Amino acid sequence: MTRQAILIGAANVKPILPGVNQDLIDIKKYLKSDAGGAWNEDEIIILKDESLEIVKRTIAAAKYKDYVFITCSGHGEHRLSSLTDNTVMYLNEKDTIQINEINPQNKRHLVIVDVCRTLVREVNRQTALYESGMNHFINKSYIDYRKVFENAVMQTTEGRIVVYSCDINQTAGDDGKGGVFTQELLKSHNNFRPNGNSYAIVNIEQAFIVAKQKTYEKNAPQTAVINAGRRRDYFPFAII
């Protein structure tokens, strides 16, 4: 039997995913093990942060293999419109590939996809521009902050985000006026301004970055930590 393993990973698409590199190492190690099927070194191809052209060419070249094993590790999203309904993976900062394109068209192949599937609704550009203009007009007239916040929450991917005020084996500072990190987080939105609109959303990652820096400046070596997995979108934290 002829076989081919293609391990696709995008570790450097922002926000950078250091876990992708480890995935590629561990998957290859597993394949070469007895439990994984004792694959040979020359049967395994690793494509890390490669271009769309190279990925497609590599997949097409496996067409005549008896069995093809493919893994995808990195960022992704699910795009939905009147013309498309597909999950895509980011190969690098400018290239994406639809998961249904990851098909060598041979008789037996397995594709394992470990990417986010955030729902992105794509609309007609003219409609989008019209709606954007209408929202701008409505926003200038009246802002329902509660509704804006709820809409922003419901447009984000489901999941769990955990923010810690300090790293493992550190203590959290308290200057007598409250927790240093908490107070900096609550003030973080003051560092942002709407860009030509009447309001904007500051998400928890943006707020965290500001608060982390300010906390470190005040109480080094206290280092805040955020754990959001592989998501690319974040819950809202403030409306400005």
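The structure displayed is predicted, hence computed values, not measured ones.

Parameters and conventions
- Residues numbered from 1 in each chain as written.
- Predicted model: local features only at pLDDT ≥ 70, side-chain atom pairs only at ≥ 80, totals over all residues.
- Heavy atoms only, no water.
- Axes fitted to C-alpha atoms, helices over the stretch in contact; angles between N-to-C directions.
- Helix = DSSP H or I, 4+ residues; strand = E, 2+ residues; numbered from the N terminus.
- Parallel < 35°, antiparallel > 145°, perpendicular 65-115°, else oblique.
- Left-handed = near helix turned anticlockwise from the far one by under 90°.
- Contact = heavy atoms within 4.5 Å.
- Nonpolar A, V, L, I, M, F, W, Y, C, P; charged D, E, K, R; others polar.
- Pairing = 2+ DSSP bridges.
- pLDDT = per-residue confidence, 0-100.

Visitor: How do you make sense of the packing of helix 5 (residues 180-187) against helix 6 (residues 204-219) when you look at a structure like this?
Guide: Two quantities define a packed helix pair, namely the angle between the axes and the distance from one axis to the other. Two numbers describe how helix 5 lies on helix 6: the axes approach to 8 Å, and their chain directions differ by 135 degrees. On the basis of their axis angle, the class for helix 5 and helix 6 is oblique. Pair helix 5 / helix 6 crosses with right-handed handedness. Across the interface between the two elements, Val 180, Phe 181, Glu 184, Leu 185 and Lys 187 of helix 5 pack against Ile 204, Ala 207, Phe 208, Ala 211, Lys 212, Lys 214, Thr 215 and Lys 218 of helix 6. Classifying every residue of the contact of helix 5 with helix 6 gives seven nonpolar, one polar and five charged.

Visitor: What's the story with the sheet that holds strand 8 (residues 118-121) in this structure? I'm lost.
Guide: Sheet strands line up and pair through hydrogen bonds in the backbone, either parallel or antiparallel. Pairing in this open sheet of four strands is mixed, and the strands run 6-5-4-8 from one edge to the other. Both edges of this open sheet fall to strand 6 (96-98) and strand 8, since each of them pairs with a single strand only. Each strand of the sheet is rotated relative to its neighbour by a mean of 35 degrees, with strand direction disregarded. By the bridge criterion, five bridges tie strand 4 (residues 76-80) to strand 5 (residues 85-90) in an arrangement that is antiparallel. Paired with His 78 across the two strands is Thr 87, which belongs to strand 5.

Visitor: What is the right way to read the confidence of the model for the protein chain from this model?
Guide: Low-confidence regions, as indicated by low pLDDT, have predicted coordinates that should not be scrutinised in detail. The predicted model of the protein chain averages 87 in pLDDT, with 91% of residues at 70 or higher. Under a pLDDT of 50 for its full length, residues 124-134 has, in the predicted model, one contact with residues more than four places off or in other chains.

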